[in-house]
Amino acid sequence: ADSDGKNRQAWITEFGWDTLAGHVVSEREQAAYLQRGFLLQLQAGVDKCFWYWNRDTKDVPDNFFDGCGIYDPRDEPKPAAAAMAAMAHFLKHPVPVGTFTLQPEGMGYVFRDRGRLVACAFKLRKDGPALRPALPAGQWFDMYGNPLPAPPEELDITPAWVVGLDEADPLVRQTAYDLRS
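All values derive from a computational prediction rather than experimental measurement.

Novice: Explanation requested: the packing of helix α1 (residues 27-43) against helix α2 (residues 79-90) in the structure shown.
Specialist: Any two packed helices are characterised by the angle at which their axes cross and by the distance between the axes. The geometry of α1 relative to α2 is characterised by a closest axis approach of 8 Å and an angle of 30° between their N-to-C directions. Classed by the angle they form, the pair α1 and α2 counts as roughly parallel. Two packed elements cross with a definite hand, and for α1 against α2 that hand is right-handed. Along its contact with α1, which presents Glu27, Gln30, Ala31, Leu34, Gln35, Phe38 and Leu39, the element α2 presents Pro79, Ala80, Ala83, Met84, Ala86 and Met87. When the residues that make up the contact of α1 with α2 are grouped by side-chain class, the tally is 10 nonpolar, 2 polar and 1 charged.

Novice: Help me out: how do you make sense of the pairing of strand β8 (residues 160-163) in this one?
Specialist: Successive side chains on a regular strand alternate, one facing one side of the sheet and the next facing the other. Burial of the side chains of β8 extends over both faces: Ala160 and Val162 are buried on one face and Trp161 and Val163 on the other. Pairing of strand β6 (residues 139-141) with β8, which is carried by 3 bridges, proceeds in the antiparallel orientation. When the bridges of β8 are listed, phenylalanine 141 appears paired with tryptophan 161.

Novice: Any chance you could explain the pattern of salt bridges here in plain terms?
Specialist: Here the idea is simple: oppositely charged side chains can pair when their charged atoms come close. Summed over all chains, the structure comprises 12 salt bridges. Its salt-bridge partner being aspartate 4, residue arginine 8 comes within 3.0 Å of it at the nearest N-O pair. A salt bridge links aspartate 72 to arginine 74, with the nearest nitrogen and oxygen atoms 2.8 Å apart. According to the relative accessible area criterion, arginine 74 is exposed, its value standing at 63%. Counted as one network, the salt bridges with shared partners bring together Arg55, Lys58 and Asp75.

Novice: What exactly am I supposed to notice about the pairing of strand β2 (residues 48-51) here?
Specialist: Side-chain alternation along β2 places Cys49 and Trp51 on a buried face and Lys48 and Phe50 on a face that remains uncovered. Alignment of strand β1 (residues 11-15) against β2, held across 3 bridges, turns out to be parallel. Looking across to β2, one finds that phenylalanine 15 is bridged to tryptophan 51. Once the chain exits β1 it traverses α1 before rejoining the sheet at β2, and the crossover so formed is right-handed.

Novice: I keep staring at the environment of glutamate 27 and nothing clicks. Help me out?
Specialist: By the secondary structure assignment, glutamate 27 is in helix α1. Using a relative accessible area of 36% as the deciding quantity, one classes glutamate 27 as partly exposed. When residues no more than four places from it in sequence are discounted, the contact partners of glutamate 27 are Thr19, Lys78 and Pro79.

Novice: What exactly am I supposed to notice about the sheet that holds strand β5 (residues 116-123) here?
Specialist: Sheet strands associate in pairs through backbone hydrogen bonding, adopting either a parallel or an antiparallel arrangement. With antiparallel pairing, the 6 strands of this open sheet are ordered in space as β3-β4-β5-β8-β6-β7. Two strands in the sheet have a free side with no partner beyond their single neighbour: β3 (95-102) and β7 (147-148). Two strands pair when backbone bridges link them, and β5 and β8 are joined in this way by 4 bridges, in the antiparallel orientation. Each residue of the ladder has a partner; that of valine 118, found in β8, is valine 163. Across the sheet, α1 is in contact with β3, β4 (106-113), β5 and β8; its angle to β4 comes to roughly 60°.

Novice: Would you explain unusual backbone geometry in this entry?
Specialist: The general pattern is negative phi for most residues beyond glycine and trans for most peptide bonds. Of note, the bond from glutamine 103 into proline 104 is cis; its omega dihedral lies within 30 degrees of zero at 15°. Within the fold, proline 104 resides in the loop between β3 and β4. Not every positive phi belongs to a glycine, and glutamate 14 is a case in point at roughly 55°. Within the element layout of this structure, glutamate 14 appears in strand β1. We note that arginine 114 has phi near 55°; this positive angle belongs to a residue other than glycine. Tracing the chain through its elements places arginine 114 in the loop between β4 and β5.

Rules of the game
- Throughout this description, residue numbers start from 1 for each chain and increase along the sequence as written.
- Given that this is a predicted model, residues contribute local features only at a pLDDT of at least 70 and side-chain atom pairs are listed and counted only at 80 or more, while totals for whole chains, interfaces and linings are drawn from all residues.
- Calculation of side-chain values draws on the structure's entire complement of heavy atoms; hydrogens and water are dropped beforehand.
- Throughout, an axis means a line fitted to C-alpha atoms (over the contacting stretch in the case of helices), and angles, computed between N-to-C directions, take values from 0 to 180 degrees.
- Comment: elements are numbered from the N terminus, with helices defined as DSSP H or I runs of at least four residues and strands as E runs of at least two.
- Just so you know how the angles are binned, under 35 degrees is roughly parallel, over 145 roughly antiparallel, 65 to 115 roughly perpendicular, and the rest oblique.
- Note on convention: near helix rotated counterclockwise from far helix by under a right angle means a left-handed crossing. Clockwise means right-handed.
- Contacts are assigned to residue pairs that have any heavy atoms within 4.5 Å of one another.
- Charged means Asp, Glu, Lys or Arg here, nonpolar means Ala, Val, Leu, Ile, Met, Phe, Trp, Tyr, Cys or Pro, and polar covers whatever is left, Gly included.
- The rule is simple: take the accessible area with a 1.4 Å probe, protein chains only, and divide by the maximum for that residue type; under 20% is buried, over 50% is exposed, in between is partly exposed.
- In this scheme, strands are said to pair when DSSP sees at least two bridges between them.
- Should a side-chain nitrogen of Lys or Arg be within 4 Å of a carboxyl oxygen of Asp or Glu, the pair is scored as a salt bridge.
- Look down the strands so they point away from you; if going from the first strand over the helix to the second traces a clockwise path, that crossover is right-handed.

Below, the structure written as structure tokens:
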């Protein structure tokens with residue numbers, strides 16, 4: 001978009017996961033994928049991201065997007081609404097630091113936000129092998145923003161958040177290995 005020297009914004013519109021029609025995911029999966037989708041776009045430098053849609057259809061669902069809402073047909077919040085609120089709580093002014101990998105099948109993102117490092121980690125596939133990595137110290141939260149007493153022993157597809165990472169932590173240092181560095 002800016003190869004000709006003009007600064008243009010990059011937008012991704014109408015992305016989401018459906019809980020009612022088409023390729024259906026569970027409401028918990030929808031919430032996890034919502035955070036993961038937004039975080040991927042933030043790391044990639046996308047300027048604006050638009051979730052599709054605010055509310056599930058009140059009609060009989062019959063095509064993709066009918067169940068992509070963060071509110072159900074009764075206008076009650078789905079887990080995706082809580083996941084979006086938690087993500088907005090953790091990342092008010094995010095500056096991407098980079099990504100990290102967790103073997104065998106995990107990854108995460110690190111952001112700098114309001115003078116602190118914030119990261120999340122998750123397993124890539126729900127049917128993938130168990131993921132029990134050594135995780136750093138810090139304040140840990142589940143994908144809904146609920147405090148955890150310690151880092152999770154096993155990660156799943158839902159992002160686990162950590163606030164207050166140390167700059168010298170191996171996960172933070174791993175993010176330096178990208179094309180820009």
